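Analysis of the macromolecular model
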Amino acid sequence: MLDEVMAALADEHRRELLVALVEHNPQAAVQTPEGVRLDDEQLENLQVEMYHNHLPRLEAAGFIEWKQEQHRVVRGPKFDQIEPVLELFAENADELPVEWP
């Protein structure tokens, strides 16, 4: 299970979505980085990446359920297994060697 958790956290976009789900459930399927403006092409690329890579991967791991028609995600059946790690990182963000999320 630890390998699945670490794989889910390995990408910035997956981390942002998972952290957002800790705070509010459900969430939009595509999260844009806070304070970052994306042009139309960048937003389209992010949507493609999320829909064809990140969301299916997180859903397969059981961390989210993807409501494709509503463009929303909710916590999945295994979210409780990743939530403590997300909370630990959030509580210690100032001590981590990388920017979190």
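Residues numbered from 1 in each chain as written. Predicted model: local features only at pLDDT ≥ 70, side-chain atom pairs only at ≥ 80, totals over all residues. Heavy atoms only, no water.

Right, let's talk about the overall build of the protein chain for a bit. Along the backbone of the protein chain there are four helices and three strands. Secondary structure elements of the protein chain, listed N to C terminal, follow the sequence α-α-β-α-β-β-α. Computed over the C-alpha atoms, the radius of gyration of the protein chain is 13 Å, within 12% of the 13 Å expected from 2.2 N^0.38 for a compact globule of 101 residues. Dimensions of the protein chain along its principal axes, counting C-alpha atoms only, are 35 × 30 × 25 Å. Burial status across the protein chain gives 36% buried among its 101 residues. A separation of at least 24 residues holds for 52% of the contacts in the protein chain among residues at least 6 apart in sequence. A total of about 6,500 Å² of accessible surface is found on the protein chain, and carbon and sulfur atoms cover 47% of it. Taking the 8 positively charged and 22 negatively charged side chains of the protein chain as two groups, their mean positions are separated by 5 Å. (Helix = DSSP H or I, 4+ residues; strand = E, 2+ residues; numbered from the N terminus. Rg over C-alpha atoms; globule rule 2.2 N^0.38 Å. Buried < 20%, exposed > 50% of the residue type's maximum accessible area, 1.4 Å probe, protein only. Contact = heavy atoms within 4.5 Å. Areas by Shrake-Rupley, 256 points an atom, 1.4 Å probe, with all protein chains shown as cover. Lys, Arg positive; Asp, Glu negative; His and termini not counted. Charge placed at Lys NZ, Arg CZ, Asp CG, Glu CD.)

Among the structural elements, Glu69 can be located in the loop between strand S2 (64-67) and strand S3 (72-75). When the C-alpha atoms of Glu69 and Gln81 are compared, they prove to be 26 Å apart, with twelve residues separating the residues in sequence.

Pairing within the open sheet is antiparallel, and its three strands lie in the order S1-S3-S2. The strands lining the two open edges of the sheet, one partner per strand, are strand S1 (27-28) and S2. Sheet topology places S2 next to S3; four bridges connect them, and they run antiparallel. The partner of Ile64 across the bridge, within S3, is Arg75. Seen against the sheet, helix H3 (residues 40-60) touches S2 and S3 and runs at an angle of roughly 135° to S2. (Pairing = 2+ DSSP bridges. Axes fitted to C-alpha atoms, helices over the stretch in contact; angles between N-to-C directions.)

Okay, the packing of aromatic side chains next. Applying the stated criterion across every chain yields a total of one aromatic pair. Between Tyr51 and Trp66, the ring centres sit 5.2 Å apart and the planes meet at 70°, which makes this aromatic pair edge-to-face. Residue Tyr51 is found in helix H3, and its partner Trp66 is found in strand S2; the two are separated by 15 residues along the sequence. Judged by relative accessible area, which is 23%, Tyr51 ranks as partly exposed. (Phe/Tyr/Trp six-rings, centres within 6.5 Å; stacked < 30°, edge-to-face > 60°.)

It is worth spelling out the nonpolar core at this point. If you look at soluble globular proteins, the nonpolar side chains tend to sit buried side by side. With 21 residues, the main nonpolar core has Leu18, Leu55, Phe63, Ile64, Val73 and Ile82 as its most contacted residues. The set of elements that each furnish at least two residues to this core consists of helix H1 (2-9), helix H2 (12-23), H3, S2 and helix H4 (79-91). Not counting residues up to four positions away in its chain, the partners in contact with Ile64 are Leu18, Leu21, Leu55, Leu58, Glu59, Val73, Val74, Arg75 and Gly76. (Core = buried A, V, L, I, M, F, W, Y, C linked by side-chain atoms within 4.5 Å.)

Tracing the chain through its elements places His13 in helix H2. Residue classification places His13 among the buried positions, given a relative accessible area of 15%. Beyond its immediate sequence surroundings of up to four residues, His13 is in contact with Leu46, Glu49, Met50 and His54.

The interhelical angle for the contact between H2 and H3, taken along N-to-C directions, is 70°, at an axis separation of 10 Å. The angle between the axes of H2 and H3 places the two elements in the roughly perpendicular class. You can see that H2 and H3 cross each other, and the crossing is right-handed. On H3, the residues touching His13, Arg14, Leu17 and Leu18 of H2 are Leu46, Glu49, Met50, His54, Leu55, Arg57 and Leu58. A per-class count over the contact of H2 with H3 returns six nonpolar, two polar and three charged. (Parallel < 35°, antiparallel > 145°, perpendicular 65-115°, else oblique. Left-handed = near helix turned anticlockwise from the far one by under 90°. Nonpolar A, V, L, I, M, F, W, Y, C, P; charged D, E, K, R; others polar.)

From the geometry alone we can't say anything about function, so treat these as descriptive.
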